[in-house]
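Given next are the chains, with one letter for each unit.
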Amino acid sequence: MAQAPRVKPGNDIYTVLAAIALALVAGTIGFVLYRCNELLGTPFPGFAG
């Protein structure tokens with residue numbers, strides 16, 4: 001019995017949701033660094049330097 005060749009799956013909803021989640025996490029980290037710099041004078045207040 002011959003098998004049909006496998007078809008590479010395209011992007012599905014989970015790929016889109018993972019991309020959205022990654023963008024939100026990156027935006028949140030950027031916002032936190034910005035606010036720390038604005039309020040405390042350094043983006044990483046717990047580190048010496």
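Refer to the preceding data block for the structure.
How each quantity is defined
- Residues numbered from 1 in each chain as written.
- Predicted model: local features only at pLDDT ≥ 70, side-chain atom pairs only at ≥ 80, totals over all residues.
- Heavy atoms only, no water.
- Helix = DSSP H or I, 4+ residues; strand = E, 2+ residues; numbered from the N terminus.
- Buried < 20%, exposed > 50% of the residue type's maximum accessible area, 1.4 Å probe, protein only.
- Areas by Shrake-Rupley, 256 points an atom, 1.4 Å probe, with all protein chains shown as cover.
- Salt bridge = Lys/Arg side-chain N within 4 Å of Asp/Glu carboxyl O.

Focus: the overall build of the protein
Right, on to step 1. Broken down by element type, the protein carries one helix and zero strands.
Right, on to step 2. Seen along its three principal axes, the alpha-carbon backbone of the protein occupies a region of about 70 × 20 × 10 Å.
Right, on to step 3. Scored against the burial criterion, the 49 residues of the protein give a buried share of 2%.
Right, on to step 4. Total accessible area computed for the protein in this model is approximately 4800 Å², and 69% of it derives from carbon and sulfur atoms.

A look at the pattern of salt bridges
Right, on to step 1. Throughout the structure, instances matching the rule amount to one salt bridge.
Right, on to step 2. The closest approach of N and O atoms between Glu38 and Arg35, which form a salt bridge, is 2.4 Å. Taken together, the residues span about one helical turn, with Glu38 and Arg35 both in helix H1 (residues 13–40) at a distance of three residues.
Right, on to step 3. Look at Arg35 and you get partly exposed, because its relative accessible area is 31%.

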